[in-house]
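# Summary of the model geometry
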Amino acid sequence: MRKILWPLTMALLLAVGLAGCSASKKHSRDPFAGKGSSYYNGRNLPKGGGKYHVGKPYQVAGRWYSPKEQPNYDKKGIASWYGEAFHRRKTANGEWFDMNDLTAAHPTLPIPSYAKVTNLENGREIVVRINDRGPFVGTRLIDLSKQSSQALGFKHKGKAGVRVQWIGYAPLNDRGEHLAMMNQGLANGASLKQLARAAGQKADAKVQVASLKSDKVEAPPMQQALYDAELAPVQTRSGGYIVQVANFINLDNAQATADAMAPYGPIRLIEADSENGTLYRVQVGPMMDKAGATNALYAVRDNGFPDAKLARLVIRQVASN
């Protein structure tokens, strides 16, 4: 359970309105309340762990919350986000909060579990791992990690209208691969029922849902309709993952985009031939870790390239940095 002093909470609320998950220990009857003060000092923040937890009814700031299993949970409301103030601290089920993961806090849903969150203002959608309790400000529906808010495109606004749909329980010891698989399935068009069937499976299992496992490359729109060509689906020799950012007909524009994408991973500037001339493709990668590649994909989409895709490609590289 995340906890900070109320004066600090009010300061954060006045500054950015993002401390929605804070709670006073004396008001809470949740068994995990007050354990959020632990701080992880190690170098590599562990992922997963903790324990399955629903919990008994508890009270925060005069309001009662009743955690329970809600298999048909589907609600709309306001989402906020939290980050640095709680980064590397314990969540309500004993995991470590990483603001750079696709996680969330919810006052009553079982934890850890998966939920599909849709930003009703722009249509973006992601699968998040609910592993914490909150928010406890007004009638807010869910508190998302910094990375989740960025993926949904409302980090700079602070709040957004969202739809939250519960999917199912999440594995305890997911190191990121399973959550990445769930989001890849969502990006490939998997339905809520298909995601629910995959929720309890191991990340390395052969998921019996075709749309959850696909290496097909879906080409993003070209800069001009004249070059509306489709990329061929192939695999890299190393099996690494590549984020296809965009295609350009102007090399200077491609290089400028490549420079802007440098914070998200290795950059590849590819020269490719098409029937209408030369194209310059900007890619982030390759990255061997699919979870890391998926995080890079969300970062690229949130920074001006919403049609970026995750793929496995082998094409001729002409420059890199």
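Scoring rules and cut-offs
Residues numbered from 1 in each chain as written. Predicted model: local features only at pLDDT ≥ 70, side-chain atom pairs only at ≥ 80, totals over all residues. Heavy atoms only, no water. Helix = DSSP H or I, 4+ residues; strand = E, 2+ residues; numbered from the N terminus. Buried < 20%, exposed > 50% of the residue type's maximum accessible area, 1.4 Å probe, protein only. Contact = heavy atoms within 4.5 Å. Areas by Shrake-Rupley, 256 points an atom, 1.4 Å probe, with all protein chains shown as cover. Phe/Tyr/Trp six-rings, centres within 6.5 Å; stacked < 30°, edge-to-face > 60°. Lys NZ or Arg CZ within 6 Å of the ring centre and 35° of its normal. Axes fitted to C-alpha atoms, helices over the stretch in contact; angles between N-to-C directions. Parallel < 35°, antiparallel > 145°, perpendicular 65-115°, else oblique. Left-handed = near helix turned anticlockwise from the far one by under 90°. Nonpolar A, V, L, I, M, F, W, Y, C, P; charged D, E, K, R; others polar. Pairing = 2+ DSSP bridges. pLDDT = per-residue confidence, 0-100. Core = buried A, V, L, I, M, F, W, Y, C linked by side-chain atoms within 4.5 Å.

## Comments concerning the overall build of the protein
A count of helices and strands for the protein gives six helices and 13 strands. The buried share of the protein, reckoned over its 321 residues, is 51%. When contacts within the protein are restricted to residue pairs at least 6 apart in sequence, long-range pairs at least 24 apart make up 72% of them. Of the roughly 14,900 Å² of accessible surface on the protein, 50% is carried by carbon and sulfur atoms.

## Here we look at the packing of aromatic side chains
Evaluated as defined, the whole model comprises eight aromatic pairs. With centroids separated by 5.7 Å and ring planes inclined at 85°, the aromatic side chains of Tyr52 and Tyr169 adopt a geometry described as edge-to-face. Here Tyr52, found in the loop between α1 (6-15) and β1 (58-60), pairs with Tyr169, found in strand β8 (residues 160-169); they are 117 residues apart in sequence, far enough to count as distant. Of the residues examined, Tyr169 reaches a relative accessible area of 30% and is grouped as partly exposed. The rings of Tyr52, Trp166 and Tyr169 are connected pair by pair, giving a single aromatic cluster. Over the ring of Trp96 we find Lys90, and its NZ or CZ is 4.8 Å from the ring centre.

## Some thoughts on the packing of helix α3 (residues 177-187) against helix α4 (residues 192-199)
α4 packs onto α3 with a crossing angle of 160° between their chain directions and a minimal axis gap of 10 Å. Comparing their axes, α4 and α3 come out roughly antiparallel. Like other packed secondary-structure pairs, α3 and α4 cross with a definite hand, here right-handed. Across from His178, Met181, Met182, Gly185 and Leu186 in α3, the residues of α4 making contact are Leu195, Ala198 and Ala199. Split into classes, the residues belonging to the contact of α3 with α4 amount to six nonpolar, two polar and no charged.

## Observations concerning the pairing of strand β11 (residues 277-287)
Counting buried positions along β11 yields eight of eleven residues, so the element is predominantly enclosed. Where strand β9 (residues 241-248) and β11 come together, six bridges link them in antiparallel fashion. Residue pairing for β11: Phe248 is matched across the bridge by Tyr280.

## Comments concerning the sheet that holds β8
Taken in spatial order, the six strands line up as β3-β7-β4-β6-β5-β8 and close into a barrel, and their pairing is mixed. If you compare each strand with its neighbour and ignore which way they point, the axes differ by 45° on average. As judged from the six bridges shared by strand β5 (residues 113-119) and strand β6 (residues 125-132), these two strands associate in the antiparallel manner. Looking at β6, one finds that Lys116 is bridged to Val127. Packing against the sheet, α4 makes contact with β5, β6 and β8, and its axis sits at approximately 45° to β8.

## Comments concerning the confidence of the model for the protein
Averaged over every residue, the pLDDT of the protein is 75; the share at 70 or more is 72%. Residue range residues 202-238 is modelled with pLDDT below 50. Its contacts to residues more than four positions away, or to other chains, number 75 contacts.

## Observations concerning the nonpolar core
One finds Leu144 and Met182 to be the most contacted residues of the largest nonpolar core, which totals 36 residues. A per-element tally of this core places β8 first, with five residues. If we skip the residues at most four places from it in the chain, Met182 touches Tyr114, Val127, Ile167, Leu195, Ala198 and Ala199. Counting residues in hydrophobic clusters, the runner-up holds 21 residues, among them Leu269, Met287, Ala296 and Leu310.

## Things to note about the packing of α3 against helix α6 (residues 290-302)
At a minimum axis separation of 8 Å, α3 and α6 run at an interaxial angle of 50°. For the element pair α3 / α6, the angle class is oblique. Both α3 and α6 take part in a crossing whose hand is left-handed. Across from Glu177, Ala180, Asn183 and Gln184 in α3, the residues of α6 making contact are Lys290, Ala291, Thr294 and Tyr298. In terms of residue class, the contact of α3 with α6 is made up of three nonpolar, three polar and two charged.

## So, the side chain of Lys155
Position of Lys155 relative to the elements: it lies in the loop between α2 (146-152) and β8. Beyond its immediate sequence surroundings of up to four residues, Lys155 is in contact with Trp81, Lys146, Ser149 and Gln150.

## Overview of α3
Counting buried residues along α3, nine of its eleven residues qualify, which places the element largely inside the surrounding structure. Looking only at α3, the buried set comprises His178, Leu179, Ala180, Met181, Met182, Asn183, Gln184, Gly185 and Leu186. Buried residues along α3 sit in contact with β5, β6, β8, α4, α6 and β12 (309-311). Gly189 lies just past α3 and shows a positive phi near 95°.

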